[in-house]
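This is what each chain is made of:
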Amino acid sequence: MTRYRPTVVEVDLDAIRHNVRLLSPPNADLMAIVKADGYGHGAVAVSRAALEGGASRLGVALVEEGLALREAGIASPILVLTEFPPGSEKEALEAGLTPSVYSDDGLDRLSDAARALGPPIGVHVKLDTGMHRVGLWPPEDAPAFARRISDAGLEIEGVWTHFADSESDDEGTLVQLARFRAAVDALAAAGVRPAVLHAANSGATIRMPETHLDMVRPGAAVYGLDPGGGIAEGLGLRAALTWRSAVSMVKRLPAGERLSYGGRYELERPSTIATVPVGYDDGYPRTARDAEVLIGGARRPVAGTITMDQILVDCGDADVGVGDEVVMIGAQGDERITADELAERAGTIARAVATGIGTRVPREIVSAEAPA
Ligand SMILES: *Cc1c(COP(=O)(O)O)cnc(C)c1O
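Description of the structure in this document. Note that this is a predicted model, so its numbers are computed, not measured. (Residues numbered from 1 in each chain as written. Predicted model: local features only at pLDDT ≥ 70, side-chain atom pairs only at ≥ 80, totals over all residues. Heavy atoms only, no water.)

1. Brief notes about the overall build of the protein
Broken down by element type, the protein carries 11 helices and 20 strands. The principal-axis extent of the C-alpha atoms belonging to the protein is close to 80 × 45 × 45 Å. Counting over 372 residues, the protein shows a buried share of 52%. In the protein, once contacts between residues fewer than 6 apart in sequence are set aside, the share between residues at least 24 apart is 68%. For the protein, the accessible surface area stands at approximately 16,400 Å², while carbon and sulfur atoms represent 50% of it. (Helix = DSSP H or I, 4+ residues; strand = E, 2+ residues; numbered from the N terminus. Buried < 20%, exposed > 50% of the residue type's maximum accessible area, 1.4 Å probe, protein only. Contact = heavy atoms within 4.5 Å. Areas by Shrake-Rupley, 256 points an atom, 1.4 Å probe, with all protein chains shown as cover.)

2. Structural notes on the side chain of Asp128
With respect to the helices and strands, the residue Asp128 is situated in the loop between strand 6 (122–126) and helix 7 (142–151). Here Asp128 is buried and forms no salt bridge, its nearest opposite-charge partner Arg179 lying at an N-O distance of 6.4 Å. There is a polar contact of 3.4 Å between the side chain of Asp128 and the backbone nitrogen of Met131. In terms of polar contacts, Asp128 uses its side chain to reach the side chain of His132, at 2.8 Å. (Lys, Arg positive; Asp, Glu negative; His and termini not counted. Salt bridge = Lys/Arg side-chain N within 4 Å of Asp/Glu carboxyl O. Polar contact = N/O pair within 3.5 Å; in protein donor to acceptor, adjacent residues only side chain to side chain.)

3. Comments concerning the site of the ligand
Near the ligand there are 14 residues, and of these Lys35, Tyr39, Ser202, Gly219 and Arg351 occur at the shortest range. Here an oxygen atom of the ligand and a side-chain polar atom of Arg133 are 3.2 Å apart. Here His162 contributes a side-chain N or O atom positioned 3.4 Å from a nitrogen atom of the ligand. Starting from 390 Å² of accessible surface for the ligand in isolation, the protein chains cover 93%. Residues that form the shell around the ligand fall into these classes: 6 nonpolar, 4 polar and 4 charged. (Near = heavy atom within 4 Å. Nonpolar A, V, L, I, M, F, W, Y, C, P; charged D, E, K, R; others polar.)

Any link to function would need more than the numbers given here.
Written out as structure tokens, the structure is:
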């Protein structure tokens, strides 16, 4: 479809390849997490770039996300991070998706489907060590659960867990790691030695090498998004996402005029106001306070209530015209606005801003070809 609106997300695949190389530990593999359409960047393109950058596996949240990657021709191992939902087992196994298991019911459904399909597949047992979302709890039950898996004719390829606060809580993360190691030791004592132990999300990958085990599992950092608390600063990660538009209308307004719904922004002096065709339906957070965008290489305040399809920008006395580039996230001249900055102004996190960019914003790939 022809595009008439200039609002686009640009995804730099070189940044993805660079970040994967930078995050890959010397002695552990890397699974790139590409759930939620690759954190809003476009899962297929990001997956290919991550594999080119050295990722050996991909991780997704949904069976549907894994199937979409297979349909796009991606052949690498793909781990689904929760149990296959009831009814999806056969299709997921036929597509060669790697299952996570952590419940008796999930295991029964999986083994029924696997029996009908032939050779056993390697499963990844998820242990709950403190996040309490999904996973086998208590983790001390791992040896008994492993016995059930082998009785069902399935093999364990991996054992894994997930940290609740690796961005800032060393102590809590080490408690989780200790519970994980104890369960792995108990498995070994029962003769079960899985090939792939994994735990580290972005925070742990960046801050805590002792969590790297056989494989790390970063998401946010792969995209150059700060995982939290500014911990990616100075690492050399590159933001893969630029969100840009262009000025659609310009007005000179006198002091005293109020802008947008509710008239909450009153001009204290005459000012040039630019309209930009991006709004909260596109994921520009309606809750953002004191947000800024870049026009003409300078920061300009977003003025008044953010509407569904458009925002207003107070450009003061600057010379701004229709068609001028507007950057919501990314660089322009010497200035840069990060997803993290916009997230902070909206009271959320960079991941939520990136995944929240709406489906009506086209994703354009730059540097698609990996250098030879
Ligand atoms: C989302 C997710 C990750 C990646 O998390 P980041 O903090 O974005 O790196 C890793 N593992 C699991 C199980 C996840 O759900």
